[in-house]
Amino acid sequence: MLIAGNWKMHKGPEETAHFCRRLREHARPSDVDVVVCPPSVSLATAVQVLAGTDVAVAAQNVHWDDEGAFTGEVSAPMLRELGVYGAIVGHSERRQHFGETDESVARRARAALEAGLSVIACVGESGAAREAGETEDVLRRQVSVLERDENLVVAYEPVWAIGTGKTATPELAQEAHAFIKTLLDVPVLYGGSVKPDNAAELLGQPDVDGALVGGASLEVDSFLAICRAATRS
Ligand code: PGA
């Protein structure tokens, strides 16, 4: 079971240090893998404060080249140098607002894995695609560009459930996760309005192997409550 907190564009270094110190104090050893994903400017702080704990730190994006003329991007070797464990790629907000495509997601994932980072690759259908009965087509297209790797996990994040408070029902999540696993044999996390009060039911589904948590990962208490729900699942 893996619980990853995607902070998105929240928490500079100071807030990150505060959060990670509290996490370090309150996190209990368990068989759940816990990851926090701060913005790039706060990665070094998170790595430093969480050193010696079981909590890993991942970036929210990573470029496919080692270095070069790519303003605003960060490479896998740079993340490795910081002591970062992995990276999210293909989040729907990047696909929606920053022109990320299935091809660029695939390139980012491949380069990160080759550099020794773990990767959380996000997939998920929009509300319109689900209503049109195209969920499986979208997932097939997004997953088809990824290759199996022991350090790759997929996060199923239905776009209509992200930050909306509309969580997929556990049955619907289970169905999508089982479908994704017929395409690619990797662990699949669920993401989209995961909260302390719905986590146990979602994480209790047989093909839900963890969660990628946005809003509810910004407070230590709610993030830890989700981690505890994972321990019991
Ligand atoms: P949310 O975000 O939990 O705030 O819906 C999830 C995500 O985008 O990873």
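Below you will find a few notes about this structure.

Cut-off values and rules
Residues numbered from 1 in each chain as written. Predicted model: local features only at pLDDT ≥ 70, side-chain atom pairs only at ≥ 80, totals over all residues. Heavy atoms only, no water. Helix = DSSP H or I, 4+ residues; strand = E, 2+ residues; numbered from the N terminus. Expected span 1.5 Å × (residues − 1). Buried < 20%, exposed > 50% of the residue type's maximum accessible area, 1.4 Å probe, protein only. Near = heavy atom within 4 Å. Polar contact = N/O pair within 3.5 Å; in protein donor to acceptor, adjacent residues only side chain to side chain. Areas by Shrake-Rupley, 256 points an atom, 1.4 Å probe, with all protein chains shown as cover. Right-handed = clockwise from strand over helix to strand, strands pointing away. Pairing = 2+ DSSP bridges. Contact = heavy atoms within 4.5 Å. 1 Å grid on protein atoms, 1.4 Å probe; cavity = no way out; pocket = protein on both sides within 12 Å on 5 of 7 lines; lining within 4 Å. Points joined across faces, edges and corners; volume = space filled by probe spheres on them. Nonpolar A, V, L, I, M, F, W, Y, C, P; charged D, E, K, R; others polar. Axes fitted to C-alpha atoms, helices over the stretch in contact; angles between N-to-C directions.

Some words on helix 1 (residues 13-26)
With 14 residues, helix 1 extends 20 Å from end C-alpha to end C-alpha; this agrees with the ideal 20 Å at 1.5 Å per step. Listed as buried for helix 1 are Thr16, Ala17, Phe19, Cys20 and Leu23.

Description of the site of the ligand
As a structural note, the neighbourhood of the ligand is formed by 13 residues, with Lys8, His91, Glu157, Gly163 and Ser193 the closest of them. Between the ligand and the protein, one listed contact pairs an oxygen atom with a backbone N or O atom of Gly163 at 2.6 Å. Note that an oxygen atom of the ligand is positioned 2.9 Å from one of the backbone N or O atoms of Gly214. Surface burial for the ligand is 97%, taken as the share of its 280 Å² of free accessible area covered by protein chains.

A look at the pairing of strand 1 (residues 2-6)
Most of strand 1 is tucked away: five of the five residues are buried. Each parallel crossover has a hand, and for strand 1 linked through helix 1 to strand 2 (residues 33-37) it is right-handed. Of the pairings in the sheet, the one linking strand 1 to strand 8 (residues 210-213) comprises four bridges and is parallel in character. Note that in strand 8 the partner of Gly5 across the bridge is Val213.

Examining the environment of Asn151
If you trace the backbone, Asn151 turns up in the loop between helix 7 (135-144) and strand 6 (152-156). The class for Asn151 is partly exposed, based on a relative accessible area of 32%. On a C-alpha basis, the gap between Asn151 and Gly116 in space is 8.3 Å, while along the polypeptide they are 35 residues apart. In contact with Asn151, not counting residues within four places along its chain, are Leu113, Leu117, Ser118 and Val119.

Some words on the layout of surface pockets
Taken as a whole, the largest pocket spans an internal volume of roughly 510 Å³. A total of three residues in the lining of the largest pocket trace back to one element, the largest contributor, which is helix 4 (residues 92-97). Its residues assigned to classes, the lining of the largest pocket shows 10 nonpolar, eight polar and four charged. Each pocket or cavity is described by its volume, and for the second largest pocket that value is around 320 Å³. For the second largest pocket, the lining is made up of 16 residues, of which Ala27, Arg28, Pro29, Ser30 and Val34 are closest to its centre. Going through the elements one at a time, helix 1, strand 2 and helix 10 (220-232) are the ones with two or more residues in the lining of the second largest pocket. A total of four residues in the lining of the second largest pocket trace back to one element, the largest contributor, which is helix 10. Considering only residue class, the lining of the second largest pocket consists of seven nonpolar, four polar and five charged.

Overview of the sheet that holds strand 3 (residues 55-59)
The eight strands are arranged 1-2-3-4-5-6-7-8 in a closed barrel whose pairing can be described as parallel. Geometrically, the sheet is characterised by an average inter-axis angle of 25° between neighbouring strands, direction not taken into account. With two bridges connecting them, strand 7 (residues 188-191) and strand 8 associate as parallel partners. Of the residues in strand 8, the one forming a bridge with Tyr190 is Ala211. Helix 2 (residues 43-50) contacts strand 2 and strand 3 of the sheet and is inclined by roughly 170° relative to strand 3. Strands strand 1, strand 2 and strand 8 of the sheet are contacted by helix 10, whose axis makes an angle of about 160° with strand 1.

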